[in-house]
Amino acid sequence: MELNDDRSCFVCGCENSIGLKLDIKSDKNLKKAWAVTKIDRKFCGWEGIVHGGITSTVLDEIMAYAAFTVYKSGVTGEITVRFRKPIPVESEILIEGFVESVKGRICYAKGQITLNGEIMAESTGKMVMVKP
């Protein structure tokens, strides 16, 4: 499988007119990725609350970016999300992803979304390296 970045990713693509356009940073030494953002109200489920699918999507992406600190490209093999508290739309949140371990082609990662230091949602995932 060949993976090509056409800059239209829903989460981080700057060419996607309806996307979230997250500005994701990463640190290879820390094996970590992060972004600070506000989710627009057009992405709510219930009034004023970020839709759970959007929450899951940004956690998936941040874990992938964390995994990219240890290998060049890959896809999500598995993701589990725990929703702790509703995330209010248009509130500044911190999204973080961390590499826990790597075994062969599998990168085990964690993600979390915090609001004012409180964990609102967290995830675990298995990110699968794709060989070039």
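Structure first, text after, so check above.
Position numbers for residues start from 1 in each chain and track the written sequence from start to end. Reporting in this predicted model follows two pLDDT cut-offs: at least 70 for local features of residues, and 80 or more for side-chain atom pairs to be given and counted; totals over whole chains, interfaces and linings ignore these cut-offs and use all residues. Think of the side-chain values as coming from all heavy atoms in the structure, minus any hydrogens and water.

1. Details of the overall build of the protein
A run of H or I in DSSP counts as a helix once it spans at least four residues, and a run of E counts as a strand once it spans at least two, with each numbered from the N terminus. Along the protein, the regular secondary structure elements total one helix and six strands. Written out in order from the N terminus, the α and β elements of the protein read β-β-α-β-β-β-β. Based on C-alpha atoms, the radius of gyration is set beside the globule rule, defined as 2.2 Å times the residue count to the power 0.38. In terms of overall dimensions, the protein is globule-like: its C-alpha atoms have a radius of gyration of 14 Å, near the 14 Å expected for 132 residues. Exposure classes here rest on a 1.4 Å probe applied to the protein chains alone. A residue is buried below 20% of its type maximum, exposed above 50%, and partly exposed in between. The buried share of the protein, reckoned over its 132 residues, is 36%.

2. Concerning the pairing of strand β6 (residues 118-129)
Strands qualify as paired when DSSP identifies two bridges or more between them. Bridging between strand β3 (residues 74-83) and β6 involves nine bridges; their strand directions are antiparallel. Looking across to β6, one finds that threonine 80 is bridged to threonine 124. Bridge analysis of strand β5 (residues 106-115) against β6 gives 10 bridges, and the strand direction is antiparallel. The residue bridging leucine 115 from the neighbouring strand is glutamate 118, located in β6. Hairpin remark: β5 followed by β6, antiparallel, with two residues in the connecting loop; positive phi at asparagine 116, about 55°.

3. Observations regarding the packing of aromatic side chains
In this analysis, rings of Phe, Tyr and Trp, with Trp reduced to its six-membered ring, are considered paired at centre separations within 6.5 Å, and the interplanar angle assigns stacked below 30 degrees, edge-to-face beyond 60, and tilted for intermediate values. In this structure the tally under the stated criterion is one aromatic pair. For the ring pair tyrosine 65 and phenylalanine 68, a centre distance of 5.7 Å and an interplane angle of 55° mean the geometry is tilted. Note on criteria: charge over ring means Lys NZ or Arg CZ within 6 Å of the ring centre, with the direction from the centre no more than 35 degrees off the ring normal. The cationic tip of lysine 103 hangs over the ring face of tyrosine 108; the distance from NZ or CZ to the ring centre is 5.6 Å.

4. With respect to the pattern of salt bridges
For this analysis, a salt bridge means a side-chain nitrogen from Lys or Arg found within 4 Å of a carboxyl oxygen belonging to Asp or Glu. Under the definition given, this model contains eight salt bridges. Residue arginine 84 pairs with glutamate 122 through a salt bridge whose shortest N-O separation is 2.8 Å. Taken together, the positions of arginine 84 in the loop between β3 and β4 (92-103) and glutamate 122 in strand β6 put the pair 38 residues apart, joining distant regions of the chain. The salt bridge involving lysine 110 is made with glutamate 100; its shortest N-O contact spans 4.0 Å.

5. Quick notes on the side chain of threonine 55
Structurally, threonine 55 can be placed in helix α1 (residues 52-67). The contact criterion used throughout is that any non-hydrogen atoms of two residues lie within 4.5 Å. Sequence-distant contacts of threonine 55, defined by excluding residues within four places in its chain, comprise Val50, Phe83, Ile87, Ile113 and Ala121.

6. Some remarks on unusual backbone geometry
One non-glycine residue, lysine 31, adopts positive backbone phi at about 55°. Mapped onto the secondary structure, lysine 31 falls in the loop between β1 (25-27) and β2 (32-38). With phi around 55°, asparagine 116 is a residue other than glycine that occupies positive phi space. Mapping asparagine 116 onto the fold places it in the loop between β5 and β6.

Spatial relationships are all this shows, so hold off on functional conclusions.
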